[in-house]
Amino acid sequence: MMKTDYLILGSGLSGLVFGALMAKSGKRVQVLEAHEYPGGFGHTFTMGKKYRFNAQLHYVWDCGEGKTVNQVLKKLNLDQDITFERYDPNGFDHMRMPNYALDIPSDSQELIRRLSNLFPDDTEQIRQFILEIKRTREGLKILSPPINPGELFTHFGEVSPTVMYLHSTLQDVFDKFKLPQAAQTLLASQWQDFLLPPNQLSFYAWVILFSGYQEGAYYPTHHFEAVINGLVKVIIDNGGEIILNTEVVNFLVYGKTVTGVEAMNLITHETSQFTADTIICNIDPKKAAKMIGYEKFSRTIRKKLNYDYSPSNYMAYCVVKDIDLSNYGFGKWNTFHTGHQDLNQAFYQMYEQHDYSNPSFAITTPTLLTTEERDCPEDCQIIEFLTVANYSYFQELKAQDEKAYRQKKEEILNSILDVVEKNYVPNIRQHLVFKITGSPTTNERFCHCPHGNSYGSNLTPKNMGIGRLNHKTSLKNFYFCNASSGYPGFAPTFWTGALLYQRLSGDKILTAST
């Protein structure tokens, strides 16, 4: 077998972006993927022979003209094939809780006005908080995470207002500005995007996502499948290879140099060796390091590998027939519902107590986000529900009692549907023609993420600061390239793959930080 230039272990978004860029530049690229589909959390699967669902992606940012995703797609000559539909800038996120409703607009002054109308006694605190988001966001753009300590000194005057929040949670900053509880809940209701409550979530992580969506929330014109297929096509059209159903079982390491891997074909169970000049690890870094042997890494890298995994999630993929969800308040936006005033309590109840009697969850309707390509038949629409879930609980339940495991998944969906019928679509159950649910163990099985984690390392202040892992591994010919060695999410993983391509090729394509 011919030795390749770059062997990429895993076909998650950052690995595919890196691979496509390298293949386009003339390098020989080979990608190994354990799943039957490429794309990792971005993969699309078909059920019932006619319904297509994306595993985890719902909406994205940084896709406008000149932004990170657009720059990468232009470099790959994909910007005409892979386009995006913008969510409603007048309200891309609809936040709903008892006695309050807030549609988050792209314009910050309009957001201040809407919040001030709801909380007239707290107008000044609200205004100061929203302005602090903008200041912090600008500082983070300069620092360009993962944060380089040297940049702190180079740009100290510009970033000092940002650096003060290095160890802050979102709750810390809410408390600093003395925002009323209901305003906190409305602003943080999209916490299912992080799977962390305000008192654990890094303020940096929240600012990056919240302001990123404010600058433009998007959905692919031809669904996420077109994005993955486009990247795969570039690799193949330029002589690269993507080998599916092939799981890495061992690393070939000589001294401090990684030369390749042993991988098993999951259909034939035959094992083969794959070697390359450079190995790009799109596998979870902790999982890979354990296979290689932690002792082979430097003390600095071992410390950075000591991260906790993010919580996992529960998904319900549903199809409704003979009903138009746009008549019930759904459209080019997501809806976030919580029955709690306090999101910290909401998280504790579901994640720690496994109690979904008063669920907080996200609702997305991908069929309504683009009219260019159907994800289901003409008389149907897809609606999906997402909330947090505890991996250990579901893993133990599945191992001990498969029936109880299935019942728990059904119980959560019924709790959600009760809320939907009471507050949004009174008769939605009558129109359901398909439903399938996924738990943390589903994530682990189909996306090969340890502990079913949704974001790699947990998005706490500890993991979002100076000590965060990046592409460096301390081993020769071996680089990390995934959500935990960059940042999670669609645009950040594009950034991670493109940034590593820049560093290894010397070809600069990204003109500004995200």
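Throughout what follows, the structure given in this document is the object of discussion. (Residues numbered from 1 in each chain as written. Predicted model: local features only at pLDDT ≥ 70, side-chain atom pairs only at ≥ 80, totals over all residues. Heavy atoms only, no water.)

### Overview of the environment of Gly452
As for its position among the elements, Gly452 is in the loop between helix H17 (440-447) and strand S18 (478-480). What makes Gly452 buried here is its relative accessible area of 0%. Residues Gly452 and Cys380, spaced 72 residues apart in sequence, show a C-alpha to C-alpha distance of 30 Å. What Gly452 contacts, discounting residues up to four positions off in sequence, is Ser312, Tyr391, Pro440, Asn443 and Glu444. (Helix = DSSP H or I, 4+ residues; strand = E, 2+ residues; numbered from the N terminus. Buried < 20%, exposed > 50% of the residue type's maximum accessible area, 1.4 Å probe, protein only. Contact = heavy atoms within 4.5 Å.)

### Some details on the nonpolar core
Of all hydrophobic cores here, the largest spans 140 residues; its most connected members are Phe129, Leu187, Trp206, Leu231, Phe385, Phe490 and Phe494. Ignoring any residue separated from it by four or fewer positions in sequence, one finds Leu187 in contact with Met95, Leu111, Leu115, Phe129, Ile130, Phe174, Leu179, Trp206 and Phe210. In this structure, Ala263, Cys281, Ala288 and Ile292 belong to the second largest nonpolar core, which totals 27 residues. (Core = buried A, V, L, I, M, F, W, Y, C linked by side-chain atoms within 4.5 Å.)

### Remarks on the pairing of strand S16 (residues 380-389)
With 10 of 10 residues buried, S16 is to be regarded as a mostly interior element. Pairing between strand S13 (residues 312-321) and S16: 10 bridges, direction antiparallel. Bridging from a neighbouring strand, Tyr317 pairs with Glu384 of S16. Two strands pair when backbone bridges link them, and strand S15 (residues 361-364) and S16 are joined in this way by three bridges, in the antiparallel orientation. Residue pairing for S16: Ala362 is matched across the bridge by Leu386. (Pairing = 2+ DSSP bridges.)

### Describing helix H11 (residues 285-292)
Along an α-helix, a turn takes 3.6 residues, which lines up residues three or four apart on a common side. Taken together, the buried positions of H11 are Pro285, Lys286, Ala288, Ala289 and Ile292. With its buried residues spanning 160° around the axis, H11 presents them on a single face. In this structure Asp284 caps H11, since a side-chain oxygen of it lies 3.2 Å from the backbone nitrogen of Lys286. Positive phi shows up at Gly293, right after H11, with a value of about 115°. (Arc of directions from axis to C-beta. Polar contact = N/O pair within 3.5 Å; in protein donor to acceptor, adjacent residues only side chain to side chain.)

### Some remarks on the pattern of salt bridges
Under the defined criterion, the tally for this structure stands at 21 salt bridges. Where Glu85 meets Lys332, a salt bridge forms, and the shortest distance between an N and an O atom there is 3.7 Å. Of the two residues, Glu85 sits in strand S5 (residues 84-86) while Lys332 sits in the loop between S13 and strand S14 (334-337), which places them 247 residues apart along the sequence. The partly exposed category is assigned to Glu85, whose relative accessible area is 23%. Close ionic contact of Arg429 with Asp418 constitutes a salt bridge, the shortest N to O distance being 2.9 Å. (Salt bridge = Lys/Arg side-chain N within 4 Å of Asp/Glu carboxyl O.)

### Comments concerning the side chain of Gln30
Turning to its location among the elements, Gln30 is positioned in strand S2 (residues 29-32). We classify Gln30 as buried; its relative accessible area is 6%. At 2.9 Å, the side chain of Gln30 and the side chain of Glu241 are in polar contact.

### As for the packing of helix H1 (residues 13-24) against helix H10 (residues 223-237)
Taken N-terminus to C-terminus, the directions of H1 and H10 make an angle of 35°; their axes are 8 Å apart at the nearest point. The two elements H1 and H10 meet at a crossing, and its hand is left-handed. Judged by residue contacts, Leu13, Leu16, Val17, Gly19, Ala20, Ala23 and Lys24 of H1 engage Ile228, Leu231, Val232, Val234 and Ile235 from H10. Residue composition of the contact of H1 with H10, by class: 10 nonpolar, one polar and one charged. (Axes fitted to C-alpha atoms, helices over the stretch in contact; angles between N-to-C directions. Left-handed = near helix turned anticlockwise from the far one by under 90°. Nonpolar A, V, L, I, M, F, W, Y, C, P; charged D, E, K, R; others polar.)

### What about the sheet that holds S14?
The seven strands are arranged S7-S6-S14-S15-S16-S13-S17 in an open sheet whose pairing can be described as mixed. Of all the strands in the sheet, just strand S7 (100-104) and strand S17 (432-438) have a single pairing partner and so form its edges. Neighbour to neighbour, the strand axes of the sheet diverge by 15° on average, direction disregarded. Pairing analysis gives three bridges linking S14 to S15, with the strands arranged antiparallel. Within S15, the position partnered with Thr335 by the bridge is Ile363. Sitting on the sheet, H17 touches S13, S16 and S17, and the angle it makes with S13 is about 90°.

### So, H17
For H17, the full list of buried residues reads Pro440, Thr441, Thr442, Asn443 and Cys447. Contacts from the buried residues of H17 go to S13, S16, helix H14 (391-400), helix H15 (402-423) and S17.

### A short note on the environment of Arg96
In this structure, Arg96 sits in strand S6 (residues 93-97). Sequence separation between Arg96 and Gly339 is 243 residues; the distance between their C-alpha atoms is 8.4 Å.

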